[in-house]
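Observations on chain architecture
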Amino acid sequence: MATIDEPLYPIAILIDELKNEDIQLRLNSIRRLSTIARALGEERTRKELIPFLSENNDDDDEVLLAMAEELGVFIPYVGGVEHAHVLLPPLETLCSVEETCVRDKAVESLCRIGAQMRESDLVDYFVPLVKRLAAGEWFTARVSSCGLFHIAYPSASDQLKAELRTIYGQLCQDDMPMVRRAAASNLGKFAATVESAHLKSDIMSIFEDLTQDDQDSVRLLAVEGCAALGKLLEPQDCVAHILPVIVNFSQDKSWRVRYMVANQLYELCEAVGPEPTRTDLVPAYVRLLRDNEAEVRIAAAGKVTKFCRILSPQLAIQHILPCVKELSTDSSQHVRSALASVIMGMAPVLGKDATIEQLLPIFLSLLKDEFPDVRLNIISKLDQVNQVIGIDLLSQSLLPAIVELAEDRHWRVRLAIIEYIPLLASQLGVGFFDDKLGALCMQWLEDKVFSIRDAAANNLKRLAEEFGPEWAMQHIVPQVLEKINNSHYLYRMTILHAISLLAPVMGADITCQKLLPVVIASSKDRVPNIKFNVAKVLQSLIPILDHTVVDNTIKPCLLELNEDPDVDVRFFAGQALQACDQVMMST
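The protein chain is annotated in an unreviewed UniProt entry as Serine/threonine-protein phosphatase 2A 65 kDa regulatory subunit A beta isoform of Ananas comosus. UniProt lists a comment for the protein chain under the heading Sequence similarities (unreviewed entry), and it reads "Belongs to the phosphatase 2A regulatory subunit A family."

Following this line, the structure appears as structure tokens:
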């Protein structure tokens, strides 16, 4: 072993491990490529390691994926940007493999390397690579080539540029739908690098071919191209070339294409300007909101607020609001849920009067929806409406429905209400909160679901922070302490948890006078779970209280618990005693 030339040794291990039957060894070896390259030095990496990787015909996709990823960051190990081109051959091979994720990663790495290469090297090495892949016998190579044109094109000569545009046009008419799909999805990136003169001629003719493709999977990717091209063209060109395509796509026979239009439409409104939006895109959007496929209505409903922001309030009220009313009673719960997640954002767009007259009834119907996700989506966005109509109207119209939801049979709805209470409390003010919501907050401490009880305890802490210790002393602490006598130990545990959360907010005096005696009394509970939770609560109170209180009250109680027959009680009591000792030592 000692006779082996030291710099050769790493490459020998690599070659051995790359040929090993164990996939994990091969993977480890690939992931150590950078270490091996450093050991070999830049020149030997270029002359030995990279050619070896180019010839490596591993059949495991995981190994190939790791290799494609590693090579993307390999420029420093081959001698910098001037030698970056040596990394292209192994990645070119990976661009032709069958597994999609390997090809995608190889294309990503090639783009990363190409973005750093010198212009002369791009012309000499990168452009020929793109042309070879585009002319590949297997469709996999042609698919990969589509993602590389936007890197190759800017550095090419005028003659090469014309050739690249022609090749891209051929890929858009390829026999294989997979190639046409790749060409359609990368058209936006390629178009962004093409000069505006050729954009109108060559690229738009390519685009028109894709929009008329017989495969809906190609047409739906062309929809994405509409938005990308719309941003590159002048508004008048956009109206002439893109608008008719989008209007046709909004009535396409394939629901997947209509779904893509529903997702992209609001971006196109910005590209074409207000007048074409009003005359052409609003009717198209209304059609999508009333589409017979639920998936299309879901996509359209999810964009309703964004779309309304582009329109004037009058247009939104006239054309979009009637559809919104229909969608609020849609037969699909997912459509109603998508609408509920964005409808609150319409309030600032429509203004106070329209919100009160038109939107509030829709909010109320969605708040009472039988599907919990619909109710949740409305609850979580109430603050947007509050900013528009004010707290008085909000409380009169929506609060009864919120109180009803606080007792909802679905615990996640109750949980959403609890999490919203502190925000609601800060908006409503202390007086209103005491009248309407105070009793609810106490009721949740005895919920059957642990997550609700836990959230209720945290809610009390946040309310105490919002309204101050004096208010909490009057409205929260007495009612919380009363519940420590509940016959069920789980509810008693919730009260102990609430005490540990309230203590830091309430301060040392109130904790010592009111909260600590209740905790000490609970140490005599017959249930071990309560007793070890007492030990945990006492440990959390140590930093808050005075040392004399810790010495005279907490420590004796913990010493007693430390003698308990239950092993868990003794363990947590021991931990708390250690915390006591540490505090004493630090002082």
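Read on for the rest.
Summing up its helical and strand segments, the protein chain has 37 helices and 0 strands in all. Principal axes of the C-alpha set define a box for the protein chain whose edges measure 90 × 85 × 35 Å. Of all 587 residues assigned to the protein chain, the portion counted as buried reaches 53%. For the protein chain, the distance from the average position of its 56 positive side-chain charges to the average position of its 81 negative side-chain charges is 4 Å.

Interaxial distance between helix α11 (residues 158-171) and helix α13 (residues 196-211) falls to 9 Å at its minimum, and their mutual angle equals 20°. With respect to α13, the axis of α11 lies roughly parallel. Contact residues: R165, Y168 and G169 in α11; H198, D202 and I206 in α13. For the contact of α11 with α13, the residue count by class is 2 nonpolar, 2 polar and 2 charged.

Moving on, we get to the packing of aromatic side chains. Within this structure, the stated rule accounts for 9 aromatic pairs. Geometrically, the ring pair formed by F149 and F190 is edge-to-face, given 5.6 Å between the ring centres and 70° between the ring planes. One end of the pair, F149, is in helix α10 (residues 149-152); the other, F190, is in helix α12 (residues 177-191), and 41 residues separate them in sequence. Residue F149 is classed as buried on the basis of its relative accessible area, which comes to 0%. Ring geometry for Y285 against F307: centres 4.1 Å apart, planes inclined by 20°, an arrangement best described as stacked. With a gap of 22 residues between them, Y285 in helix α17 (residues 274-289) and F307 in helix α19 (residues 304-310) connect regions that are remote in the sequence. Positioned above the aromatic ring of F572, the side-chain terminus of K536 is 4.9 Å from the ring centre.

Moving on: the packing of helix α30 (residues 450-467) against helix α33 (residues 489-506). Packing of α30 against α33 brings their axes to within 9 Å, and their N-to-C directions diverge by 25°. As summarised for this structure, α30 and α33 are arranged roughly parallel, according to the angle between their axes. The two elements α30 and α33 meet at a crossing, and its hand is right-handed. Contact residues: R453, D454, A457, N458, L460, K461, A464 and E465 in α30; L490, Y491, T494, H497, A498, L501, L502 and V505 in α33. Each residue belonging to the contact of α30 with α33 can be placed in one class, and the counts come to 9 nonpolar, 3 polar and 4 charged.

In this section: helix α2 (residues 23-31). Regarding α2, the residues found buried are R26, L27, S29 and I30. The buried residues of α2 all sit within an arc of 160° when viewed along its axis, so they share a single face.

Another point: the nonpolar core. By size, the foremost hydrophobic cluster in this structure holds 207 residues, and its most contacted members are F126, I242, I320, I343, W444 and I554. When near neighbours in sequence (up to four residues on either side) are disregarded, I242 contacts M204, F207, C226, L229, G230, L233, D237 and L268.

Let's shift gears to the confidence of the model for the protein chain. On average, the protein chain scores 80 in pLDDT, and the residues at 70 or more come to 92%. Taken as a whole, residues 1-7 scores under 50 in pLDDT and shows 4 contacts with residues more than four places along the chain or in a different chain.

The next point concerns the environment of I75. The residue I75 is located in the loop between α5 (61-71) and α6 (88-94) in this model. In this structure, the C-alpha to C-alpha distance between I75 and L265, residues 190 residues apart in sequence, is 41 Å. Apart from residues no more than four positions distant in its own chain, I75 is found in contact with G80, V81, A84, L87, I113 and Q116.

Tallied over the entire structure, the rule returns 0 disulfides. We note that C95 lacks a disulfide partner, and the nearest cysteine sulfur, in C111, lies 8.9 Å from it. Left without a disulfide partner, C308 is nearest to the cysteine sulfur of C323, which lies 9.7 Å away. In this structure C308 comes out as buried when scored by relative accessible area, which is 0%.

The next subject is the side chain of R219. Checked against the element boundaries, R219 lands in helix α14 (residues 216-232). Take R219: its relative accessible area is 5%, and that puts it in the buried class. The residues touching R219, leaving out its near neighbours within four places in the chain, are L210, T211, D213, D214, F249, D252, K253, S254 and V257.

Before going further, it helps to examine the pattern of salt bridges. Within the structure shown, the criterion is met by 18 salt bridges. Two residues, R180 and D214, come together in a salt bridge whose shortest N-O distance is 3.5 Å. Here R180 is found in helix α12, whereas its partner D214 is found in the loop between α13 and α14, with 34 residues between them in sequence. Judged by relative accessible area, which is 9%, R180 ranks as buried. D214 sits in the exposed class, given a relative accessible area of 64%. Across the salt bridge formed by D447 and R414, the nearest N and O atoms sit 2.9 Å from each other.

Note that R165 resides in helix α11. If we skip the residues at most four places from it in the chain, R165 touches Y153, F190, V194, E195, H198, D202 and I206.

Within the fold, L463 resides in helix α30. For L463, a relative accessible area of 1% gives the class buried. Along the chain, L463 and G114 lie 349 residues apart, while their C-alpha atoms are 57 Å from each other.

Okay, α30 next. In this model, α30 (18 residues) spans 26 Å end to end at C-alpha, consistent with the 26 Å of a helix rising 1.5 Å per residue. Taken residue by residue, α30 has I452, R453, A455, A456, A457, N459, L460, L463, A464 and F467 as its buried positions. Once α30 finishes, G468 follows within two positions and takes phi at roughly 95°, a positive value.

Within the element layout of this structure, S29 appears in helix α2. The class for S29 is buried, based on a relative accessible area of 0%.

Conventions used here
For every chain, the first residue of the written sequence is number 1, and numbering continues from 1 onward in sequence order. With pLDDT at 70 or above as the cut-off, local features in this predicted model cover only qualifying residues; side-chain atom pairs require 80 or more to be listed or tallied, and sums for whole chains, interfaces and linings still use all residues. The basis for every side-chain value is the complete set of non-hydrogen atoms in the structure, without hydrogens or water. UniProt positions are given in the numbering used here, feature names are shortened, and annotations may be inferred rather than shown by experiment. For the purposes of this entry, the term helix denotes a DSSP run of H or I that reaches at least four residues, the term strand denotes a run of E that reaches at least two, and both are numbered from the N terminus. Accessibility here uses a 1.4 Å probe with only protein chains present; expressed as a share of the type maximum, an area under 20% marks a residue as buried, one over 50% as exposed, and anything in between as partly exposed. The positive count covers Lys and Arg only, the negative count covers Asp and Glu only, and His and the chain ends enter neither. Where a charge sits is defined by one atom per residue type, namely NZ (Lys), CZ (Arg), CG (Asp) or CD (Glu). Between the N-to-C directions of two axes lies an angle of 0 to 180 degrees, each axis being a line fitted to C-alpha atoms and, for a helix, fitted only over the stretch in contact. Convention used here: angles under 35 degrees read as roughly parallel, angles over 145 as roughly antiparallel, angles from 65 to 115 as roughly perpendicular, and any remaining angle as oblique. A contact between two residues is defined here by any heavy atoms of the two lying within 4.5 Å. In this classification, Asp, Glu, Lys and Arg are treated as charged, Ala, Val, Leu, Ile, Met, Phe, Trp, Tyr, Cys and Pro as nonpolar, and every other residue, Gly included, as polar. We call Phe, Tyr and Trp rings a pair once their centres come within 6.5 Å, taking the six-membered ring for Trp, and we label the pair stacked below 30 degrees between planes, edge-to-face above 60, and tilted otherwise. Two conditions define a charge sitting above a ring: the NZ of Lys or the CZ of Arg must be within 6 Å of the ring centre, and it must be within 35 degrees of the ring normal. Helix crossings are classified by the rotation of the near helix relative to the far one: an anticlockwise turn of less than a right angle makes the crossing left-handed, while a clockwise turn makes it right-handed. Here the arc refers to the set of directions running from the helix axis out to each C-beta atom. We define the nonpolar core as a collection of buried residues of types Ala, Val, Leu, Ile, Met, Phe, Trp, Tyr and Cys that are connected through side-chain atoms lying within 4.5 Å of one another. The predictor's confidence in any single residue is recorded as pLDDT, a number from 0 to 100. Here, the term disulfide refers to a pair of cysteine sulfur atoms separated by no more than 2.5 Å. Salt bridge, as applied in this entry: a Lys or Arg side-chain nitrogen positioned within 4 Å of an Asp or Glu carboxyl oxygen. Multiplying 1.5 Å by the helix residue count minus one yields the expected span of that helix.

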